Amino acid sequence: MQPHCRRWLPVVLLLALGASFARVAAQPNPVKPGTGARIWVGRYQEFEDYLKNAELTNNTEKLPVGVTAPKKIELAPGGPVAAITWKPIQPGRYRGFWESYKNEIAAYEFDKLLHLDMVPPYVERRINGDLGAAAMWLEGVKSFKDLGGPPTAPPQLAYNWSVQLMKAKMYDNMIANTDPNLGNWLKDDEWNLMLIDHSRSFTTTKNLTHKMDHIARQLWTKMLALDEPALTKGLGTWLGKNEIRAMLQRRDRMKEEIAKLVAKDGEVAVFVDELK
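This text gives an overview of the structure that appears in the document. This is a predicted model, so every value here is computed, not measured.

## Looking at the overall build of the protein chain
And step 1. What the protein chain contains, in helices and strands, is nine helices and twelve strands.
And step 2. Expressed as a percentage of the 276 residues in the protein chain, the buried residues total 50%.
And step 3. Here the protein chain displays about 12,500 Å² of accessible surface, and carbon together with sulfur accounts for 50% of that area.

This is how it looks when you write it as structure tokens:
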């Protein structure tokens with residue numbers, strides 16, 4: 001997994017990512033990428049069990065980024081994952097931001113509720129007496145920071161890439177991701193988008209992280225179907241009632257913003273379908 005950095009992904013860049021969807025949609029023969037680095041998709045329990053129980057080696061590397069001292073720990077060879085990112089961030093305030101390793105796990109579990117498949121597996125694990133989040137180390141990915149900014153997909157992948165970016169913004173808005181920086185948005189060689197580092201998410205703010213200009217229809221339908229009992233069942237181990245209710249309040253804010261978009265541009269122009 002690429003280490004994160006505290007460099008904000010500028011809102012102006014995110015606006016540009018979806019602003020030209022009409023042009024992107026006109027590209028010929030759009031296709032979906034393969035699995036790529038997302039090798040956990042469809043094998044969630046297998047990967048979660050492995051991350052919880054895999055034998056650790058003594059090969060540990062302190063990642064030279066962040067204020068919470070994440071580490072890369074190599075695992076014994078032979079399993080589906082070569083290493084983990086270890087983040088024992090206990091709930092607390094770090095340089096003015098409230099953070100917790102539990103938010104990392106909640107972000108993954110919420111990804112699963114939505115069938116988003118952008119957040120790699122995170123599990124709770126105790127290492128050397130400390131509880132923390134153990135995450136799958138992603139191989140074969142580069143961050144937007146490494147790439148010099150949000151990349152432009154080739155024509156046949158541009159439609160699907162734009163939809164992925166829409167979905168990532170919608171996801172960030174629901175979880176109140178306060179750190180959507182260039183180091184935390186990753187792509188593999190097949191143009192799959194992956195999202196990491198959510199320790200600062202799930203605050204009780206009602207504000208949205210990103211301005212939305214297009215909406216992924218299928219993901220929005222899934223978000224609308226969620227209620228407090230469903231979120232509590234899926235995320236209650238990691239989040240409190242106030243954090244869960246704030247998610248629904250942010251969804252209400254998203255409803256308001258989407259209604260404004262539809263009133264301005266029309267439903268056909270606003271809602272976008274995923275490739276089948």
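More follows now that the structure is in view.
## Brief notes about the pattern of salt bridges
And step 1. Taken as a whole and assessed by the stated rule, the structure comprises 13 salt bridges.
And step 2. The residue Glu48 makes a salt bridge to Lys112 at a minimum N-O spacing of 2.8 Å. Of this pair, Glu48 sits in helix 3 (residues 44-53) while Lys112 sits in helix 4 (residues 101-114), and the two are 64 residues apart along the sequence.
And step 3. By relative accessible area, which is 7% here, Glu48 ends up buried.
And step 4. Residue classification places Lys112 among the partly exposed positions, given a relative accessible area of 24%.
And step 5. Between Arg245 and Glu228 there is a salt bridge, and its shortest N-O distance comes to 3.0 Å. One end of the pair, Arg245, is in helix 8 (residues 241-265); the other, Glu228, is in helix 7 (residues 228-235), and 17 residues separate them in sequence.
And step 6. Overall, the relative accessible area of 38% leaves Arg245 in the partly exposed class.

## Topic: the packing of aromatic side chains
And step 1. Applying the stated criterion to the full structure yields four aromatic pairs.
And step 2. When the ring of Phe144 is compared with that of Trp161, the centres are 6.1 Å apart and the planes differ by 50°; the resulting orientation is tilted. Separated by 17 residues along the polypeptide, Phe144 in the loop between strand 8 (141-143) and helix 5 (155-175) and Trp161 in helix 5 bring together distant segments of the chain. Across the pair, exposure class does not vary: Phe144 and Trp161 are buried alike.
And step 3. Summarising the aromatic geometry, the rings of Trp161 and Trp191 are spaced 5.1 Å apart at their centres and angled 85° between planes, so their arrangement reads as edge-to-face. A residue pair is termed long-range when its members are at least 10 positions apart, and Trp161 in helix 5 and Trp191 in the loop between strand 9 (185-188) and strand 10 (193-195) qualify at 30 residues. Each member of the pair, Trp161 together with Trp191, is buried.
And step 4. Members of the aromatic cluster, connected to one another through ring pairs, are Phe144, Trp161, Trp185 and Trp191.
And step 5. Directly above the aromatic system of Trp191 lies the positively charged group of Lys187, at a separation of 4.2 Å from the ring centroid.
And step 6. In this arrangement the basic side chain of Arg200 is found over the ring face of Phe97, its NZ or CZ atom lying 3.7 Å from the centre.

## Side note on the sheet that holds strand 8
And step 1. Spatially, 8-9-10 is the arrangement adopted by the three strands of the open sheet, whose pairing is antiparallel. What marks the edges here is a single partner per strand, and that holds for strand 8 and strand 10. Averaged over all neighbouring strand pairs, the angle between strand axes comes to 35°, with direction disregarded.
And step 2. Looking at chain direction, strand 9 and strand 10 are connected through three bridges and run antiparallel. Paired with Leu186 across the bridge in strand 10 is Met194.
And step 3. On the sheet, helix 5 packs against strand 9 and strand 10 and is oriented at approximately 15° with respect to strand 10.

## Some words on the packing of helix 4 against helix 7
And step 1. At a minimum axis distance of 9 Å, the contact between helix 4 and helix 7 shows a crossing angle of 125°. As far as their axial angle goes, helix 7 and helix 4 are oblique. Both helix 4 and helix 7 take part in a crossing whose hand is right-handed. In this structure, helix 4 uses Ala106, Glu109, Phe110 and Leu113 to contact helix 7, whose residues at the interface are Ala230, Leu231, Gly234 and Leu235.

## Description of helix 5
And step 1. For helix 5, spanning 21 residues, the distance from its first C-alpha to its last is 31 Å, which sits close to the expected 30 Å at 1.5 Å a residue.
And step 2. Burial of helix 5 is extensive: 19 of the 21 residues sit out of reach of the surface.

## A few points about the sheet that holds strand 7 (residues 130-136)
And step 1. The sheet built from five strands is open, its strands ordered 1-2-3-7-6 with antiparallel pairing. Each of the sheet's edge strands pairs with one partner strand only, and the pair in question is strand 1 (56-62) and strand 6 (122-127). In this sheet, neighbouring strand axes are inclined to one another by 35° on average, regardless of whether the strands run parallel or antiparallel.
And step 2. Both strand 6 and strand 7 contribute to a ladder of six bridges, which runs antiparallel. Across the sheet, the residue bridging to Arg126 is Leu131, located in strand 7.

Conventions adopted
Residues numbered from 1 in each chain as written. Predicted model: local features only at pLDDT ≥ 70, side-chain atom pairs only at ≥ 80, totals over all residues. Heavy atoms only, no water. Helix = DSSP H or I, 4+ residues; strand = E, 2+ residues; numbered from the N terminus. Buried < 20%, exposed > 50% of the residue type's maximum accessible area, 1.4 Å probe, protein only. Areas by Shrake-Rupley, 256 points an atom, 1.4 Å probe, with all protein chains shown as cover. Salt bridge = Lys/Arg side-chain N within 4 Å of Asp/Glu carboxyl O. Phe/Tyr/Trp six-rings, centres within 6.5 Å; stacked < 30°, edge-to-face > 60°. Lys NZ or Arg CZ within 6 Å of the ring centre and 35° of its normal. Pairing = 2+ DSSP bridges. Axes fitted to C-alpha atoms, helices over the stretch in contact; angles between N-to-C directions. Contact = heavy atoms within 4.5 Å. Parallel < 35°, antiparallel > 145°, perpendicular 65-115°, else oblique. Left-handed = near helix turned anticlockwise from the far one by under 90°. Expected span 1.5 Å × (residues − 1).

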